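Here's the letter readout for the chains.
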Amino acid sequence: MKIGIVGYKGRMGKEIKDLFEEKNHEFVWGYDKDGEYFQDKPQIIVDFSLPEVFEKTEEYVRKFNVPLIIGTTALQDEQFEALKTLSKNVPVVQSYNFSIGIQLFLKMVDFLKDKIDGWDIEIIETHHRFKKDKPSGTAKMIKDKLGKDVPISSLRLGNVSGDHVLYMANLGEVLSVSHRALSRRAFAEGVLKSAEFVINKKNGYFTFTDVI
Ligand SMILES: NC(=O)C1=CN([C@@H]2O[C@H](COP(=O)(O)OP(=O)(O)OC[C@H]3O[C@@H](n4cnc5c(N)ncnc54)[C@H](O)[C@@H]3O)[C@@H](O)[C@H]2O)C=CC1
Ligand SMILES: O=C(O)C1=N[C@H](C(=O)O)C[C@H](O)C1
């Protein structure tokens, strides 16, 4: 397929471009700080940029009338509303974390969340020193899945791709669930799965949970 990437010069944009080309897909369009790269009309647009770029992404998705896969975090409520509106005309897949492991993490949280009343619960997320948002979108997803207002601590260290730990403790024991992304390829693999999932769909709003 012919892919377009918003944020194609970034850490994730490069990872996604490399993986798609490794699988014999074609990078034909991009948008980044220095503007538009155009080789051909893309069949799908992937956005891993920043929230302030969202309106441009929305403009290009409407222009090309193609599916959107968006991984950019720290989106505002009105931007989520805009995604829902877009999804009436094209398929949209949104997730703050495209790794399989975090999907399994969230299923574990769904299982245990009603069994830890009265326990102390905290989340620690660790990312690379360049990450602009805090806390991570993934940590927010874990908190939302818990359905409890728990503290989130954020560490910014070196080139860590993405660590998340959920700690739960009562006065007699500690239980933890943890996930470590060994590289950004874990996320890119999920983006590829999502692209294959939506490429022939007409419209609809999906999360990565729907994809796997
Ligand atoms: N959903 C997921 O699985 C994952 C989500 N992310 C999220 O993806 C986003 C990007 O992460 P990274 O690639 O590490 O960041 P990055 O900073 O390396 O890449 C962002 C890209 O957007 C471009 N950009 C910034 N401002 C722009 C503007 N005004 N107009 C056009 N382009 C602009 C930058 O030049 C850069 O190429 C972040 O929100 C991050 O949290 C990151 C990894 C996995
Ligand atoms: O910025 C990153 O790198 C990541 N951001 C996402 C988040 O904010 O949860 C996903 C992943 O943890 C990597």
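Please read these numbers as outputs of a predicted model, since none were measured by experiment.

Trainee: Explain the overall build of the chain to me, please; I cannot follow it from the model alone.
Mentor: From N to C terminus, the chain includes 7 helices and 11 strands. Rg of the C-alpha trace for the chain: 18 Å, near the compact-globule value of 17 Å for 212 residues, within the 12% margin. Projected onto its principal axes, the C-alpha coordinates of the chain cover approximately 60 × 35 × 30 Å. Considering the chain as a whole, with its 212 residues, one finds that 50% of them fall into the buried category. Taking as baseline every contact in the chain between residues at least 6 positions apart, the subset at least 24 positions apart corresponds to 67%. Total accessible area on the chain stands at roughly 10,600 Å², and carbon and sulfur atoms take up 49% of it. In the chain, 31 positive and 31 negative side-chain charges are present, and the distance between their average locations comes to 2 Å.

Trainee: Please clarify how the site of ligand 1 should be interpreted in this entry.
Mentor: Not every one of the 23 residues close to ligand 1 is listed here, only the nearest: Arg11, Met12, Asp32, Thr73 and Phe98. Aspartate 32 places a side-chain nitrogen or oxygen 2.5 Å from an oxygen atom of ligand 1. Within the shell around ligand 1, the residues separate by chemical class into 8 nonpolar, 8 polar and 7 charged. Residues from two domains meet in the shell around ligand 1; each of domain 1 (2-97 + 185-211) and domain 2 (100-180) gives at least three.

Trainee: Explain helix H6 (residues 185-198) here, please?
Mentor: Owing to its 3.6 residues per turn, the α-helix aligns residues three or four sequence positions apart on the same side. The end-to-end C-alpha distance of H6, which contains 14 residues, comes to 20 Å, matching closely the 20 Å that a straight helix rising 1.5 Å per residue would cover. Among the residues of H6, Phe187, Ala188, Gly190, Val191, Leu192, Ser194, Ala195 and Val198 are the ones counted as buried.

Trainee: Looking at this structure, how should I read the packing of helix H1 (residues 11-22) against H6?
Mentor: Relative placement of two packed helices is described by the angle separating their axes and the distance separating the axes. Between H1 and H6, the shortest axis-to-axis distance is 9 Å and the interhelical angle comes to 55 degrees. Looking at the two axes, H1 sits oblique to H6. With respect to the hand of their crossing, H1 and H6 are arranged in right-handed fashion. Mapping the contact onto sequence places Met12, Glu15, Ile16, Leu19, Phe20 and Glu22 in H1 and Arg185, Phe187, Ala188, Glu189, Val191, Leu192 and Ala195 in H6. For the contact of H1 with H6, the class distribution of residues is 9 nonpolar, no polar and 4 charged.

Trainee: Honestly, the site of ligand 2 in this entry has me stumped. Any pointers?
Mentor: As a structural note, the neighbourhood of ligand 2 is formed by 13 residues, with His127, His128, Lys131, Gly137 and Thr138 the closest of them. One of the side-chain nitrogen or oxygen atoms of lysine 131 is found 2.7 Å away from an oxygen atom of ligand 2. Looking at the shell around ligand 2 residue by residue, the class counts come to 2 nonpolar, 9 polar and 2 charged. Structurally, the shell around ligand 2 is a two-domain feature, drawing no fewer than three residues from each of domain 1 (2-97 + 185-211) and domain 2 (100-180).

Reading guide: rules and limits
- Residues numbered from 1 in each chain as written.
- Chains lettered and ligands numbered in written order.
- Predicted model: local features only at pLDDT ≥ 70, side-chain atom pairs only at ≥ 80, totals over all residues.
- Heavy atoms only, no water.
- Helix = DSSP H or I, 4+ residues; strand = E, 2+ residues; numbered from the N terminus.
- Rg over C-alpha atoms; globule rule 2.2 N^0.38 Å.
- Buried < 20%, exposed > 50% of the residue type's maximum accessible area, 1.4 Å probe, protein only.
- Contact = heavy atoms within 4.5 Å.
- Areas by Shrake-Rupley, 256 points an atom, 1.4 Å probe, with all protein chains shown as cover.
- Lys, Arg positive; Asp, Glu negative; His and termini not counted.
- Charge placed at Lys NZ, Arg CZ, Asp CG, Glu CD.
- Near = heavy atom within 4 Å.
- Polar contact = N/O pair within 3.5 Å; in protein donor to acceptor, adjacent residues only side chain to side chain.
- Nonpolar A, V, L, I, M, F, W, Y, C, P; charged D, E, K, R; others polar.
- Domains from an automatic or database assignment.
- Expected span 1.5 Å × (residues − 1).
- Axes fitted to C-alpha atoms, helices over the stretch in contact; angles between N-to-C directions.
- Parallel < 35°, antiparallel > 145°, perpendicular 65-115°, else oblique.
- Left-handed = near helix turned anticlockwise from the far one by under 90°.

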